[in-house]
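Report on the structure
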Amino acid sequence: MSETSPKLRAELDGIPTYKPGKPAAADGPVAFKLSSNENPYPPLPGVMETAIAAARNFNRYPDMACSGLMNELSERFGVPATHLATGTGSVGVAQSLIQSTSGPGDEVIYAWRSFEAYPIITQISGATSVQVPLTAGEVHDLDAMADAITERTRLIFVCNPNNPTGTVVRRAELERFLDRVPSDVLVVLDEAYREFIRDAEVPDGLEIYRDRPNVAVLRTFSKAYGLAGLRVGFAVAHEPVAAALRKTAVPFGVSQLAQDAAVASLRAEDELLGRVGSLVCERTRVHEGLVGQGWTVPETQANFVWLRLGEHTLDFAAACEKAGVVVRPFAGEGVRVTIGEAEANDVFLHTAEAFRKIVTG
Ligand SMILES: Cc1ncc(COP(=O)(O)O)c(C=O)c1O
């Protein structure tokens, strides 16, 4: 027997590993998970019952075309079903977007820091990441991103609002940027947190994509809709792109449970979005609380806040954990804290206040 191991693609060497938000400790004092930008509310009763009913048939494969969900999305968002593609979370669809456009020798541009899956899925495809630093105000530097375009560029992510900073790009600057992007380069507006936006100057990607065949919009049921554990997201894109996404998606990737729960969530949208409204109120309270304590916190339009803590990042995360809230540290950079239930936000605010007093003396 030969000792050689199977040949693996060299592109996979040194791939960054995705760090999931840490779960809340089961045996801690009070344990709140504010590390993954999840919705803190349990599923709505109607959605739960639908999911339970779908679970009775999990000896069967799901509807591979996700027809029920596609029809519902088509109606809800006023887009043709041929412009839709679903996947195992929007990260699954993002991977299909890269696989459909980019391979070895090609370049994928995105802001940095941004969603940590971008470098991973880019590297898996064999393409090269071009990371463009955020501005000093933690916002996408769209001019620098446009300047970074070369003839090898195939795809550009614009994460709006940006994970982990919560910052947004507004209509005029986004339109100006899109005017500079060659029509054969795909721009993906990643709107995972769209439902939390209250700034009227932030455009809805679905308005933008209609007149621009090289724009795709990425959405998810994981955040506002509260279905993170079921893994379902979708893209809206013009036909050739959407068709490529359907070709490259993992067959039967979206379970029937996820499909049916997503449809039920869209039908319970008023109630769900009412909960989002409460989270937005909490976001304002947390943001104002932190600013009142003296922190510099970028204005956020997502369900999280960002504290640039530099060398204090890990100590701050440890202090939060000790107090009973788990946050998401990015060592040496900062901490992202999801807006959760009021009680969790209170624990976080108290911890931030105490920490600030220690650090600033
Ligand atoms: C900006 C952004 N895009 C996409 C995703 C992927 O979410 P999901 O795969 O659960 O739809 C996330 C999750 O954190 C995110 O922050």
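Residues numbered from 1 in each chain as written. Predicted model: local features only at pLDDT ≥ 70, side-chain atom pairs only at ≥ 80, totals over all residues. Heavy atoms only, no water.

1. Section: the overall build of the protein chain
For clarity, the cut-off: Per the convention used, a helix needs a DSSP run of H or I reaching at least four residues, while a strand needs a run of E reaching at least two, with both numbered from the N terminus. Note on method: radius of gyration uses C-alpha positions; expected globular size equals 2.2 Å times residues raised to 0.38. Each residue gets one of three labels from its accessible area relative to the maximum for its type: buried under 20%, exposed over 50%, partly exposed in between, using a 1.4 Å probe on protein chains only. The contact definition used throughout considers only heavy atoms, calling two residues in contact when any of these lie within 4.5 Å. Charge assignment in this entry is limited to Lys and Arg as positive and Asp and Glu as negative, and neither His nor the chain termini are counted. Charged groups are reduced to one reference atom each: NZ for lysine, CZ for arginine, CG for aspartic acid, CD for glutamic acid.
Per the secondary structure count, the protein chain includes 12 helices and 12 strands. Radius of gyration (C-alpha) of the protein chain: 21 Å, near the 21 Å computed for a compact globule of 361 residues. Viewed in the frame of its principal axes, the protein chain has a C-alpha envelope of about 60 × 60 × 50 Å. By residue count, 52% of the 361 residues in the protein chain fall in the buried class. Long-range contacts, defined here as pairs at least 24 residues apart, represent 73% of the contacts in the protein chain between residues at least 6 apart. Across the protein chain, the centroid of the 34 positively charged side chains sits 2 Å from that of the 45 negatively charged ones.

2. Some points on the sheet that holds strand S5 (residues 153-159)
Here is the rule: Pairing between strands is defined by DSSP: at least two bridges between them are needed. Axes here mean lines fitted to C-alpha atoms, for a helix over just the part in contact, with angles spanning 0 to 180 degrees between N-to-C directions.
The 7 strands are arranged S2-S8-S7-S6-S5-S3-S4 in an open sheet whose pairing can be described as mixed. Each end of this open sheet is capped by a strand with a single partner; those strands are strand S2 (84-87) and strand S4 (128-133). With direction set aside, neighbouring strand axes in the sheet form an average angle of 25°. Here 4 bridges tie strand S6 (residues 186-190) to strand S7 (residues 215-220), and the two strands are oriented parallel to one another. Across the sheet, the residue bridging to aspartate 190 is leucine 218, located in S7. Of the strands in this sheet, S2, S6 and strand S8 (233-236) touch helix H8 (residues 239-248), which is tilted by about 25° from S2.

3. Considerations on the UniProt feature "domain: Aminotransferase class I/classII large" (unreviewed entry) in the protein chain
This is how the line gets drawn: UniProt positions are given in the numbering used here, feature names are shortened, and annotations may be inferred rather than shown by experiment.
With numbering aligned to this structure, UniProt lists the feature "domain: Aminotransferase class I/classII large" (unreviewed entry) at residues 32-349. Helix makes up 42% of residues 32-349 and strand makes up 17%, while its end C-alpha atoms are separated by 13 Å.

4. Examining the site of the ligand
Where we set the bar: Proximity is defined per residue: if any heavy atom of the residue lies within 4 Å of a molecule or strand, that residue is considered near it. The term polar contact refers here to a pair of N or O atoms within 3.5 Å; inside protein, the definition further demands a hydrogen-donor-capable atom paired with an acceptor-capable atom, and it admits residues adjacent in sequence only when both atoms are side-chain atoms. Here the Shrake-Rupley method, with its probe set to 1.4 Å, supplies the accessible areas, and only the displayed protein chains count as covering residues. Asp, Glu, Lys and Arg are counted as charged, while Ala, Val, Leu, Ile, Met, Phe, Trp, Tyr, Cys and Pro are counted as nonpolar; the rest, among them Gly, fall into the polar class.
In the vicinity of the ligand lie 13 residues, with Ser90, Tyr193, Thr220, Ser222 and Arg231 positioned nearest. Valine 91 places a main-chain nitrogen or oxygen 3.0 Å from an oxygen atom of the ligand. Between the ligand and threonine 220 there is a distance of 2.5 Å, counted from an oxygen atom to a side-chain nitrogen or oxygen. Against a free-state accessible area of 400 Å², the protein chains account for coverage of 93% of the ligand. Residues belonging to the shell around the ligand are distributed by class as follows: 5 nonpolar, 5 polar and 3 charged.

5. Brief notes about the packing of helix H11 (residues 313-323) against helix H12 (residues 342-360)
A pair of packed helices can be characterised by two numbers: the angle between their axes and the separation between those axes. Let me state the cut-off plainly: For this classification, under 35 degrees means roughly parallel, over 145 means roughly antiparallel, 65 to 115 means roughly perpendicular, and everything else is oblique. If you view the pair so one helix is near and one far, a crossing is left-handed when the near helix is turned anticlockwise from the far one by less than a right angle, and right-handed when it is turned clockwise.
Where H11 meets H12, the closest approach of the two axes is 10 Å, and the angle between their N-to-C directions is 135°. Between H11 and H12, the angle is such that the two are oblique. For H11 against H12, the interelement crossing comes out right-handed. Within the contact between the two elements, H11 uses Asp315, Phe316, Ala319, Cys320 and Ala323 and H12 uses Val347, Phe348, Thr351, Ala352 and Phe355. By residue class, the composition of the contact of H11 with H12 is 8 nonpolar, 1 polar and 1 charged.

6. What to know about the UniProt feature "modified residue: N6-(pyridoxal phosphate)lysine" (unreviewed entry) in the protein chain
Under the present numbering, the feature "modified residue: N6-(pyridoxal phosphate)lysine" (unreviewed entry) in UniProt falls on Lys223. Following the sequence through the fold, lysine 223 ends up in the loop between S7 and S8.

7. Observations regarding helix H10 (residues 269-293)
Selection criterion: The span you would expect from a helix comes to 1.5 Å times its residue count less one.
Here H10 contains 25 residues, and its C-alpha end-to-end distance of 36 Å stays within 8% of the 36 Å for a straight helix at 1.5 Å per residue. If you check which residues of H10 are buried, you get Glu269, Leu272, Val276, Leu279, Val280, Glu282, Arg283, Val286, His287, Leu290 and Gln293. Those residues of H10 that are buried are in contact with helix H2 (67-77), helix H9 (256-267), strand S9 (304-307) and H12. Of the residues flanking the end of H10, it is glycine 294, one or two places downstream, whose phi is positive at about 105°.

8. As for the pairing of S4
Bridge count between strand S3 (residues 107-112) and S4: 6 bridges; the pairing is parallel. Each bridged residue has a counterpart across the sheet, and for valine 108 the counterpart in S4 is serine 129.

9. Some thoughts on the sheet that holds S9
Spatially, S9-S12-S11 is the arrangement adopted by the 3 strands of the open sheet, whose pairing is antiparallel. At either end of the open sheet lies a strand with only one pairing partner, and these are S9 and strand S11 (328-330). Averaged over all adjacent pairs, the angle separating strand axes in this sheet is 20°, with direction ignored. Alignment of S9 against strand S12 (residues 334-338), held across 4 bridges, turns out to be antiparallel. The residue of S12 that forms the bridge with valine 305 is valine 337.

10. Details of the packing of aromatic side chains
Threshold: When two rings of Phe, Tyr or Trp (its six-membered ring) have centres within 6.5 Å they constitute a pair, described as stacked for plane angles under 30 degrees, edge-to-face for angles over 60, and tilted for the intermediate range.
In the structure shown here, the tally under the stated rule is 14 aromatic pairs. Ring plane angle 70° and centroid distance 5.8 Å describe the contact between tyrosine 110 and tryptophan 112, whose orientation is recorded as edge-to-face. Measuring from ring centre to ring centre gives 5.8 Å for phenylalanine 221 and phenylalanine 234, while their planes differ by 45°; the resulting arrangement is tilted. Of the two residues, phenylalanine 221 is situated in the loop between S7 and S8 and phenylalanine 234 in strand S8; the sequence distance between them amounts to 13 residues. By relative accessible area, which is 1% here, phenylalanine 221 ends up buried. Exposure remark for phenylalanine 234: the relative accessible area of 3% places this residue in the buried category. An aromatic cluster is defined as three or more aromatic residues linked by ring pairs; in this entry it consists of Tyr18, Tyr110, Trp112, Phe115, Tyr118 and Phe157.

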